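Letter by letter, the chains look like this.
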Amino acid sequence: MKIALSQYLSTNQNINYKNEILAGLTVAMTMIPESLSFAILAGLSPLVGLYGAFIMGIVTAIFGGRPAMVSGGAGATVITLIALNATYGDQYIFAAVALAGVFQILVGVFKLGRFVRLIPQPVMYGFLNGLAVVIFMSQLEQFKSTTNGISSWISGTPLFTMLGLTILTVLVVYIFPKITKLIPASLVAIMVVFALVLGFNIDTKTVGDIASIKGALPSFHIPSVPFNLETLKIILPYSIIMGSVGLIETLLTLTLVDEVTNSKGSSNKECLAQGAANITNGFFGGMGGCAMIAQTFVNLDAGSRSRIGPAIGAITILIIILIGAPVIEKIPMAALVGVMMMVAISTFKWGFFKLITKMPKSDIFVSVLVAAITILLHNLALAVFVGVIVCALVFAWDNAKRIRARKSIDEKGRKVYEIYGPLFFGSVTAFLEKFDINDDPNNIVIDLKESRVVDMSAIDALNLITSKYNQQNKHVILRHLSEDSIKLLANAKSIIEVNIEEDPTYKVMPKN
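Only a predicted model underlies this, so the values are computations on that prediction, with no experimental measurement involved. (Residues numbered from 1 in each chain as written. Predicted model: local features only at pLDDT ≥ 70, side-chain atom pairs only at ≥ 80, totals over all residues. Heavy atoms only, no water.)

Caption draft 1: Focus on helix H17 (residues 380–400). Helix length check: H17 (21 residues) gives 30 Å between terminal C-alpha atoms against 30 Å at 1.5 Å per residue, within 8%. Along H17, the residues classified as buried are Leu 380, Ala 381, Ala 383, Val 384, Gly 387, Val 390, Cys 391, Ala 396, Asn 399 and Ala 400. (Helix = DSSP H or I, 4+ residues; strand = E, 2+ residues; numbered from the N terminus. Expected span 1.5 Å × (residues − 1). Buried < 20%, exposed > 50% of the residue type's maximum accessible area, 1.4 Å probe, protein only.)

Caption draft 2: Region of interest: empty space enclosed by the protein. Under the definition given, this model contains two cavities of 30 Å³ or more. There is about 30 Å³ of room inside the largest cavity. Surrounding the largest cavity, Thr 60, Ala 61, Arg 66, Pro 67, Ala 68, Met 69, Glu 270, Arg 307 and Pro 310 form its lining. Per-class residue counts for the lining of the largest cavity are five nonpolar, one polar and three charged. In terms of lining, the second largest cavity is formed by Val 27, Met 31, Ala 53, Gly 57, Val 70, Ser 71, Pro 310, Gly 313 and Ala 314. Secondary structure elements with two or more residues in the lining of the second largest cavity: helix H2 (17–41), helix H3 (46–63) and helix H13 (308–328). In terms of residues, the lining of the second largest cavity owes the most to one element, H13, which gives three residues. Partitioning the lining of the second largest cavity into residue classes produces six nonpolar, three polar and no charged. (1 Å grid on protein atoms, 1.4 Å probe; cavity = no way out; pocket = protein on both sides within 12 Å on 5 of 7 lines; lining within 4 Å. Points joined across faces, edges and corners; volume = space filled by probe spheres on them. Nonpolar A, V, L, I, M, F, W, Y, C, P; charged D, E, K, R; others polar.)

Caption draft 3: Here's a closer look at the layout of surface pockets. One number sums up the size of the largest pocket: a volume of about 1,300 Å³. In this structure, the largest pocket is lined by 46 residues; those nearest its centre are Ser 37, Phe 38, Ser 138, Glu 141 and Gln 142. Elements with a contribution of two residues or more to the lining of the largest pocket: H2, helix H4 (75–78), helix H7 (121–139), strand E2 (144–147), helix H8 (156–179), helix H12 (293–301), helix H14 (333–347) and helix H16 (361–377). In terms of residue class, the lining of the largest pocket is made up of 26 nonpolar, 13 polar and seven charged.

Caption draft 4: Geometry of the environment of Val 298. Assignment of secondary structure puts Val 298 in helix H12. A relative accessible area of 3% places Val 298 in the buried class. C-alpha separation for the pair Val 298 and Ile 319, spaced 21 residues apart in sequence, amounts to 20 Å. If we skip the residues at most four places from it in the chain, Val 298 touches Thr 26, Val 27, Thr 30, Val 339 and Val 343. (Contact = heavy atoms within 4.5 Å.)

Caption draft 5: Here's a closer look at a nonpolar patch on the surface. Together, Val 102, Leu 106, Val 109, Phe 110, Leu 112, Phe 115, Leu 118 and Leu 272 line one region of the surface with nonpolar side chains, adding up to about 750 Å² of accessible area. If one sorts the elements of the nonpolar patch by residue count, helix H6 (residues 90–109) sits on top with three residues. Residue position: Leu 106 is located in helix H6. (Patch = residues over 30% accessible without salt bridge, like charges linked within 9 Å, V, L, I, M, F, W, Y side chains within 5 Å. Areas by Shrake-Rupley, 256 points an atom, 1.4 Å probe, with all protein chains shown as cover. Salt bridge = Lys/Arg side-chain N within 4 Å of Asp/Glu carboxyl O.)

Caption draft 6: Representation of the nonpolar core in the model. Judged by nonpolar contacts, the single largest core of 105 residues is most densely connected at Met 29, Ile 32, Phe 127, Ile 213, Ile 293, Ile 317 and Ile 331. Residues contacting Ile 32, with those up to four places away along its chain left out, are Leu 50, Val 207, Ile 213, Ile 317, Ile 320 and Ile 328. In terms of nonpolar packing, the next biggest core, distinct from the first, is built from 19 residues, Leu 448, Ala 458, Tyr 469 and Leu 478 among them. (Core = buried A, V, L, I, M, F, W, Y, C linked by side-chain atoms within 4.5 Å.)

Caption draft 7: Fine view of the pairing of strand E7 (residues 443–453). Alignment of strand E6 (residues 415–423) against E7, held across eight bridges, turns out to be parallel. Along E7, the bridge assignment pairs Val 416 with Val 445. The sheet contact formed by E7 and strand E8 (residues 475–479) spans five bridges and is parallel. Paired with Ile 446 across the strands is Leu 478, a residue of E8. Note that the unit made of E7, helix H19 (residues 456–471) and E8 has a crossover that is right-handed. (Pairing = 2+ DSSP bridges. Right-handed = clockwise from strand over helix to strand, strands pointing away.)

See the structure below:
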C-alpha cells in the first residue's frame, strides 16, 4: 500500500524527492500567513484558515487532476463569503462551503471543466498581470499596524527594519539560484532572515503578531444551521459564486502549470477534487478555498513537479498547528513578504510590453481591461467573464466582416453565388445584402463550399433568402450544405435542391 501510494503521489519515476520535500516546506511557510490573513479578513478564527489550507492542500494533492498545483484557503473565494459571515455567522459559512463543493463536483461530473481551455490568451495575460499586482499590493498590508481597530502605516525604526529585511529577502531569492539550485531560494531566504532576526534579537513583525496558530486536529461536525428551504435560499447564491470563482481560478492555474511543465492535467478531475475538498472543509471547520497561484509558482520554482510537494506542504501546516506553532510564530513577516513579492514579479508577464506593438488593439484592450478589473475589484471571476465576452464580441465582429460573395453565370445560365466566410448571427445581415433578387435569373445557386452554417440565425437567413426568391417564382439550389443544416431547413424544403453527394458531413471533434 505504501509503495502504491508513493507511486501515485509522484506520478513520475524520475522525481527528485529532495526538491519535493523542500518545495513543500517552502509552500507551507508562505501559505500560513496568507491563510491567517484571509481568515481574519472574513471574520473567522485564524485556525479556520489553517484548517482550510491543510484540507484543501491534502485532498487536492492526492486526488486532483494536476500534479504540482497547490490549493489552500484562497482569498478569491473567501472574499465572496464575507457578507454571509457578517450577517449569519460562521456556521452558515461552513454550510455554504460544503454546498459549493457539491456544485464543483457537478461541474466535474458533467465534464464542464474543459471549457476553461477556451479562454483567450489576452484574457490570460490580463489575469496573470492583474493577479501579480494584487499579490504585490497585498504584501504592503504587512507594513501597517492596527491600533484600536484603526489601521495605519508603520514608521520610524520598525519601517526601516521591515524594509531592510524585505529587501534582503528579495536579494537572496534573486541571487541564490545563480550560486546553486540544490535548495529552493525562497526557503533559503526565509531561513537567512529568520536566523538574522533571532541572532541579533531584532524587533520586527512576526507571524505570531498576526494570530496564534496553535491548535488541535480538525474535528467532524455538521454545520449548525436549520435544514430547510430558507437556509438553502440564503446560502445557495454564495455557494454558486464561491464555487464558480474557485473553479475559474483553479482551472486557470491548472492551464498555467500545464504550460510551465509542458504536460497536461485533467480539468474535470480537478473539479471533482476541489469539490470533495470543499465538502470536507464544510464538515471539518475549514474556510474552503481553491488553487493558489502564488504558492503554486513557489512550488514550481522550488523544483516540485509531482503531488508530493503540495502534499508535504499540507502535512507541514498540520504539524505546525499541532506542535510547531512556537517556532513558526517567530518567523519574520518581512521574509514572507519578500518571497511573495518575488513571486508577484515572476508571475507578471513582462513580455506583454514587447508584444504591445505586435498585438491587435482589441487584444491589448482586453488584457488591460481584465487586469484592471482584477486589481480594482479583486474579482477574478468577473474579470475573466468580462474578458471572454469582449473577446467573443470582437471575434464575432471580425468574422461578420469577412462574409463575401463571388458572383458568376454558369454554363446553364444560372447565377452562382459562391459564399466565403462563416454564416452566423453576426454576418447574416451582410449575407442577405449580397443578393440582387429582382434582377437575378430564374435559377440561382448558393454555393456554401467555402462557408459554414454555424447557428440558427444562419439557418433563418437561408430560409429568408429562399423564401424571397420563391415569392418571385425563382428556383434556389443550395450546394455543399451539411446534412444537419438540411434537416433544419424544413420551411424551405419545397424550393431547395441539395447536392447530397458533394455535401460534407460536419461533426464536432471529440475532446480528450
